[in-house]
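Fold and geometry: a report
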Amino acid sequence: MAKQDAKVTIRRAVEADRATLIKLIVRAYEDVRERQSGEVLARIWNDWKANHVCSIDVDRVILAELAGKEVGFASYRVNAATGIGIVDDNAVLPEYRGRGIGAQLLVRILQLMEDAGMEFAQVSTGLEISYMSARRMYERQGFVPLHRSVTYIKKLTQNAG
Amino acid sequence: MTMNAAEITLRTAIEADRETLIDLIVQGFADVTVNRWREERYGIIGGRTWDEWKADDMRTIDINNVVIAETDGKAVGFATFHVNERTRIGTVGNNAVLPEYRGRGIGGQLDARVLELIAEAGMEFAQVSTGLEDCYEPARRMYERQGFKELNRSIVYMMRLSDRLERFE
């Protein structure tokens, strides 16, 4: 958060950004994925890329640009029934982290949610050490922990059933 | 796990069970649902109480993906699941046993049946998420006994937007 972030521009994504955005998302998450090796996570990652990233709704995405280059993104969803806005996937390219770009994206997302009539915001992130800076960023904006969870996995035997 | 679990019958739910299942999910989750904690902290969300929000999970699920546990003709627990053909990972979803029927292994039987159904659907892995809070300890122990290994841990944060600490100028 200490380094200069004055040149960062935040803007809404448009349809023409789609290809750039997909590349950005995949690259920004690559190091997280590498830390979580294993067959199951590789499948989840490939499924997520195929299903989620490639069909991303650009209207719910904002981009951070530095010297004309896209270096980070954040996405969100709103739910008119609950009044809860969800901060979705968001990431900054590894070499541009630590400059407060993620926080600038988050502040803008929260504003967009409020503009859309949301009363609350919710976000999920990992509890592992690699997500520490994300957790700190959310807490600094005023997010309060609601629930902690664990995901388990089990390989099924081939002849089951 | 000590009491007799012999008279428990498991079966796949049918459409006629849906109202019973809605009662079961609300009663079974009354002491463990995030929806309720959210309401306790922030008040009623979107004009509906936590039980109405939780009931939606059961209103919208494909009934073929629900298993019911019955004893003496009374539905006392249920478990739900989903399958993903692309990843071949099946997910154990909402599942609960009525408070007064806990500690008899009914949840373990439901979980074992759901794992069979997931395997029969051609899945290679089963996945399940539960809470890290104390009230989920029996659930965590049950999954660990079934051979589940920890994959990752996560946290959900929430805030009232008017409480946020920085504004976009």
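Rules used in this analysis
Residues numbered from 1 in each chain as written. Chains lettered and ligands numbered in written order. Predicted model: local features only at pLDDT ≥ 70, side-chain atom pairs only at ≥ 80, totals over all residues. Heavy atoms only, no water. Helix = DSSP H or I, 4+ residues; strand = E, 2+ residues; numbered from the N terminus. Buried < 20%, exposed > 50% of the residue type's maximum accessible area, 1.4 Å probe, protein only. Areas by Shrake-Rupley, 256 points an atom, 1.4 Å probe, with all protein chains shown as cover. Lys, Arg positive; Asp, Glu negative; His and termini not counted. Salt bridge = Lys/Arg side-chain N within 4 Å of Asp/Glu carboxyl O. Polar contact = N/O pair within 3.5 Å; in protein donor to acceptor, adjacent residues only side chain to side chain. Contact = heavy atoms within 4.5 Å. Pairing = 2+ DSSP bridges. Axes fitted to C-alpha atoms, helices over the stretch in contact; angles between N-to-C directions. Phe/Tyr/Trp six-rings, centres within 6.5 Å; stacked < 30°, edge-to-face > 60°. Lys NZ or Arg CZ within 6 Å of the ring centre and 35° of its normal.

**Things to note about the overall build of chain B**
- Secondary structure assignment for chain B yields five helices and six strands.
- The N-to-C order of helical and strand elements in chain B reads β-α-α-α-β-β-β-α-β-α-β.
- Overall, the C-alpha framework of chain B stretches about 60 × 35 × 30 Å when taken along its three principal axes.
- Out of the 169 residues in chain B, the part that is buried amounts to 50%.
- Carbon and sulfur atoms make up 47% of the accessible area of chain B, which amounts to about 8,200 Å² in all.

**What about the side chain of A:K154?**
- Within the secondary structure, A:K154 sits in strand β6 (residues 144–155).
- Among buried Asp, Glu, Lys and Arg side chains, A:K154 stands out as unpaired, with B:D111 the closest opposite charge at 6.9 Å.
- Separated by 2.4 Å, the side chain of A:K154 and the backbone oxygen of B:Q146 make a polar contact.
- Sequence-distant contacts of A:K154, defined by excluding residues within four places in its chain, comprise B:L115, B:E124, B:F125, B:A126, B:Q146, B:G147 and B:F148.

**As for the sheet that holds strand β2 (residues 66–71) of chain B**
- The strand order across the open sheet formed by twelve strands is β1(A)-β2(A)-β3(A)-β4(A)-β5(A)-β6(B)-β6(A)-β5(B)-β4(B)-β3(B)-β2(B)-β1(B), and the pairing between neighbours is mixed. Of all the strands in the sheet, just β1 (8–12) of chain A together with β1 (9–12) of chain B have a single pairing partner and so form its edges. When the angles between neighbouring strand axes are averaged without regard to direction, this sheet yields 25°.
- Taken together, the six bridges between strand β2 (residues 61–66) of chain A and strand β3 (residues 69–79) of chain A define a ladder with antiparallel strand orientation. Across the sheet, the residue bridging to A:L66 is A:K69, located in β3(A).

**What about the pairing of β2(B)?**
Residue and element names in this part refer to chain B.
- Here β2 lies mainly inside the structure; six of its six residues are buried.
- Pairing between β1 and β2: four bridges, direction antiparallel. For R11, the partnering residue across the bridge sits in β2 and is I68.
- Pairing analysis gives six bridges linking β2 to strand β3 (residues 74–84), with the strands arranged antiparallel. Looking across to β3, one finds that E70 is bridged to A75.
- Remark: two residues form the turn of the hairpin made by β2 and β3, two consecutive strands paired antiparallel; D72 in that turn has positive phi of roughly 50°.

**Notes on the packing of aromatic side chains**
- By the definition in use, this model includes nine aromatic pairs over all chains.
- When the centroid spacing of 5.7 Å and the interplanar angle of 85° are considered together, the rings of A:Y138 and A:F143 count as edge-to-face.
- Relative to B:F148, the ring of A:Y152 lies with its centre 6.5 Å away and its plane at 55°, an arrangement referred to as tilted. On the criterion of chain membership, the pair formed by A:Y152 in strand β6 and B:F148 in the loop between α5 (137–145) and β6 (149–160) is interchain, its members lying in two chains.
- Judged by its relative accessible area of 1%, A:Y152 is buried.
- In this structure an aromatic cluster arises from ring pairing among A:Y138, A:F143 and B:Y157.
- When the ring centre of B:W53 is taken as origin, the NZ or CZ atom of B:R48, which lies over that ring, is 4.4 Å away.
- The positively charged end of B:K54 is found above the aromatic ring belonging to B:F29, 4.2 Å away from the centroid.

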